[in-house]
Amino acid sequence: MDLDHVCSLHNRWFRNLRIVVQKPDYVEYRLTSLFYGLKQETTARGGPVDENRYWYEFSTPLAKMRVDGVMDGKDGDLTQTENITFNFHWSLAPFFWLLQPLLKKQKEDILRDDTDLLERVYELDASGFKRLEPDLPKVVVYGGDGFFGHFVVEDLLRYSEAEVIVASRHPKDTAFHPFDTRVHKAESDVNDYDSVLSTIEGAKVVVSCIGPYQNQSLNLLRACIERRIAYVDIADDRDFVVRCHQLSPKIEEAGITAFVGCSVVPGMSSLLTRYCQAEIPSIESTRIFISPGTRHPRGRGSFLCLLSTVGNEFPIPNSGRQQTVQGWSGRERVCFPPPMGNRWVYFVVDIADYFLQPKLFGVKTVEFKIGAELDFLNRTLSALRGIKRGLNLKNVGWLLPMSRSLIYAASLFGTSQGGVMVEVSG
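Small disclaimer: the values here were computed from a predicted structure and weren't measured.

**Things to note about the pattern of salt bridges**
- Within the structure shown, the criterion is met by 22 salt bridges.
- Between R30 and E187 there is a salt bridge, with its nearest N and O atoms 2.2 Å apart. In this pair, R30 sits in strand β2 (residues 26-35) while E187 sits in strand β9 (residues 183-187), placing the two residues 157 residues apart along the sequence.
- Since its relative accessible area comes to 26%, R30 is described here as partly exposed.
- The partner of R227 in a salt bridge is E201, and the shortest N-O contact between them spans 3.0 Å. With R227 in helix α6 (residues 219-227) and E201 in the loop between α5 (193-200) and β10 (205-208), this pair connects stretches of sequence that are 26 residues apart.

This is the structure we're talking about:
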């Protein structure tokens, strides 16, 4: 049993379907109910009792509606009987009594469309029509409605035939025209291992685009190992990537492919270092610089990552030893190729390159610095570092709404000119 047809067949009444649990004998979805303009977040669940009986219910903040149905007769001459039970607080009884005509009209509209669909299916079956169900590969993209994940989903839809599941804790009502029929939404939290296992069931590939990766659980990778599903992420945090690499024996034992860190860093920076190694076989130091344009602000995860690093100390490799630096310190002017020109950059975050560059290339010194196109944004975060240390603040995450507003305002004056540069010596 499934309720996938609800939002397409009854789009006057329901929208934004998100899968929570989908099994042969039980389904649970969340969707947006539109009852004559009244929008409510609704939980829908149901399942078969036997081949002729079924049940389903809709739960909203105001009431719960339970339907117990029976189908009698042979195909082409079915009689469907449904018993509907409402459950709500006694004080709302007069309100629901007044709503009776509207509730009846909604149910008649839904039954009419369901009947038309069943009759059409019966006619096609009687004519010998056989629908060819395409065996599309299933790809699950966690964070597929975020800033980076949205681009991943769009590319999958444009350049593959995959069915894409967009998974997150609170899926957005995001459209992917003209590929909407190949996209499904799933409500899943990576901190809930059972939820992850249920969501990735039957997938060929799972992609993680949920940031920030600092202190993030490895449930997604562990679930892929257990289910033997290929895994890709865009992680840039050193601790997260180190913990993923510690699972290498289990990944090899499962016989799957796991691409960890397929972001600008450490993914692109490692490729550029490998390219330089053809000219400089013995690399002693690597310096990585990134300066994105501000025309297109990043997602919430990127903002949280930047704020979490302000004033924090972390070690970096320096001549084979460990040097301690602070987030948003070490101001330096770097000259990028035209049209970017000079940009100011800082030590910002404890990235995976501090682990991977020595591991892959034997590098003894690694530096990574990043800076915004508009220097007043850099100076603001650098000043915040001083304030945080002066006031002994443990966390500045509460500044997220203010910082996002500042970045969005700055985007009106920025460009889309950004770049990554890797400088090696040896």
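The discussion continues.
**Description of the environment of V242**
- With respect to the secondary-structure elements, V242 resides in helix α7 (residues 238-245).
- Distance in space between the C-alpha atoms of V242 and H296 is 30 Å, their sequence separation being 54 residues.

**Looking at the sheet that holds strand β13 (residues 285-291)**
- Spatially, five strands are ordered β16-β17-β18-β13-β19 in an open sheet, and the strand pairing comes out mixed. The two strands at the open ends of the sheet, each matched to only one other strand, are β16 (329-336) and β19 (419-425). Across this sheet, the average inter-strand angle for adjacent strands is 30°, counted without regard to direction.
- Here six bridges tie β13 to strand β18 (residues 365-370), and the two strands are oriented parallel to one another. Each bridged residue has a counterpart across the sheet, and for R287 the counterpart in β18 is E367.
- Of the strands in this sheet, β13, β18 and β19 are in contact with helix α9 (residues 264-277), which crosses β19 at around 45°.
- Across the sheet, helix α12 (residues 375-390) lies against β16 and β17 (341-347), angled at about 15° from β17, the strand it touches most.

**Things to note about the packing of aromatic side chains**
- On inspection of all chains with the given rule, the structure shows 13 aromatic pairs.
- Ring centres of Y56 and F58 lie 5.8 Å apart, and the angle between their planes is 85°; on these two criteria the pair is classed as edge-to-face. The same class applies to Y56 and to F58, which are both buried.
- Here the aromatic residues F14, Y54, Y56 and F58 are joined through ring pairs into a cluster of three or more.
- The ring centre of W344 lies 3.9 Å from the NZ or CZ of R331, which sits over that ring.

**With respect to the nonpolar core**
- Ranked by internal contacts, the top residues of the largest apolar core, which has 61 residues, are F14, V141, Y142, I200, V206 and L220.
- Of the residues forming this core, the biggest block, five residues, is contributed by α6.
- Sequence-distant contacts of L220, defined by excluding residues within four places in its chain, comprise Y142, V190, V196, I200, V206, S208 and Y231.
- I288, W328, V366 and V424 belong to the second largest nonpolar core, which has 25 residues in total.

Definitions and limits used
Residues numbered from 1 in each chain as written. Predicted model: local features only at pLDDT ≥ 70, side-chain atom pairs only at ≥ 80, totals over all residues. Heavy atoms only, no water. Salt bridge = Lys/Arg side-chain N within 4 Å of Asp/Glu carboxyl O. Helix = DSSP H or I, 4+ residues; strand = E, 2+ residues; numbered from the N terminus. Buried < 20%, exposed > 50% of the residue type's maximum accessible area, 1.4 Å probe, protein only. Pairing = 2+ DSSP bridges. Axes fitted to C-alpha atoms, helices over the stretch in contact; angles between N-to-C directions. Contact = heavy atoms within 4.5 Å. Phe/Tyr/Trp six-rings, centres within 6.5 Å; stacked < 30°, edge-to-face > 60°. Lys NZ or Arg CZ within 6 Å of the ring centre and 35° of its normal. Core = buried A, V, L, I, M, F, W, Y, C linked by side-chain atoms within 4.5 Å.

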